[in-house]
Amino acid sequence: MNFPLDSVSDLPDDAKMALGAALEQMQVRDSLKMYNSLVERCFKECVEDMRSKALTGKEEQCVAKCCEKFMHVTARVGMRFQEFFTQMEQQAAQQAAAAQGGK
């Protein structure tokens, strides 16, 4: 899917600001969803009982490993996404160049 990012520069300033605010709100919402998902997943996986308000050493280690693993996987997926997006941009540029060269 190609996104016409060049057309954003043609928008009026108030529309650019509205778009920026909407994107920021989406990023905050997605960050909160990711955080909540991490907390829920690691809690379910690591906390064995609720007898005390403090985590046991084993639970703390489990939570640390769970968070580290989640962050590593998230970073890896982000890198793959960036690689894919870069390839798409390169293909779009090549297609645009080929289309202009053929005219």
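What you see is a predicted model; the values in this text were computed from it and never measured. (Residues numbered from 1 in each chain as written. Predicted model: local features only at pLDDT ≥ 70, side-chain atom pairs only at ≥ 80, totals over all residues. Heavy atoms only, no water.)

Asks: Quick question: what am I supposed to make of helix α2 (residues 57-101) here?
Replies: Helix length check: α2, at 45 residues, gives a terminal C-alpha distance of 66 Å against a target of 66 Å (1.5 Å per residue), a fit within 8%. Turning to α2, its buried residues number three or more, namely Glu-59, Cys-66, Phe-70 and Met-88. Residues of α2 that are buried in the fold lie against α1 (13-46). (Helix = DSSP H or I, 4+ residues; strand = E, 2+ residues; numbered from the N terminus. Expected span 1.5 Å × (residues − 1). Buried < 20%, exposed > 50% of the residue type's maximum accessible area, 1.4 Å probe, protein only. Contact = heavy atoms within 4.5 Å.)

Asks: I would appreciate a short explanation of the UniProt feature "domain: Tim10-like" (unreviewed entry) in the protein chain in the present structure.
Replies: Feature annotation in UniProt places "domain: Tim10-like" (unreviewed entry) on residues 23-83, given in this structure's numbering. Taken end to end, residues 23-83 is 84% helix and 0% strand, and its two terminal C-alpha atoms sit 21 Å from one another. (UniProt positions renumbered as here; feature names shortened; annotations may be inferred.)

Asks: Would you take a moment to explain the environment of Asp-49 for this structure?
Replies: Mapped onto the fold, Asp-49 is located in the loop between α1 and α2. With a relative accessible area of 34%, Asp-49 lands in the partly exposed category. For the pair Asp-49 and Glu-59, spaced 10 residues apart in sequence, the C-alpha separation works out to 9.8 Å. Among the polar contacts made by the side chain of Asp-49, one reaches the main-chain amide nitrogen of Arg-51 at a distance of 3.3 Å. (Polar contact = N/O pair within 3.5 Å; in protein donor to acceptor, adjacent residues only side chain to side chain.)

Asks: Could you clarify how one ought to interpret the packing of α1 against α2 in this entry?
Replies: In a packed pair of helices, the relevant descriptors are the angle between the two axes and the axis-to-axis distance. Close contact between α1 and α2 brings their axes to 9 Å; oriented N to C, the two are set at 140°. Considering their axes alone, α1 and α2 lie oblique with respect to each other. As α1 packs across α2, the resulting crossing turns out to be right-handed. Mapping the contact onto sequence places Met-34, Leu-38, Arg-41, Cys-42, Glu-45 and Cys-46 in α1 and Glu-59, Cys-62, Val-63, Cys-66, Cys-67, Phe-70 and Thr-74 in α2. When the residues that make up the contact of α1 with α2 are grouped by side-chain class, the tally is 9 nonpolar, 1 polar and 3 charged. (Axes fitted to C-alpha atoms, helices over the stretch in contact; angles between N-to-C directions. Parallel < 35°, antiparallel > 145°, perpendicular 65-115°, else oblique. Left-handed = near helix turned anticlockwise from the far one by under 90°. Nonpolar A, V, L, I, M, F, W, Y, C, P; charged D, E, K, R; others polar.)

Asks: What's the story with α1 in this structure? I'm lost.
Replies: The periodicity of an α-helix, 3.6 residues per turn, causes residues three or four positions apart to be oriented the same way. With 34 residues, α1 should reach 50 Å at 1.5 Å per residue; the first-to-last C-alpha distance of 49 Å fits that figure. All of the buried residues along α1 are Leu-38, Cys-42 and Cys-46. For α1, the elements touching its buried residues are α2.

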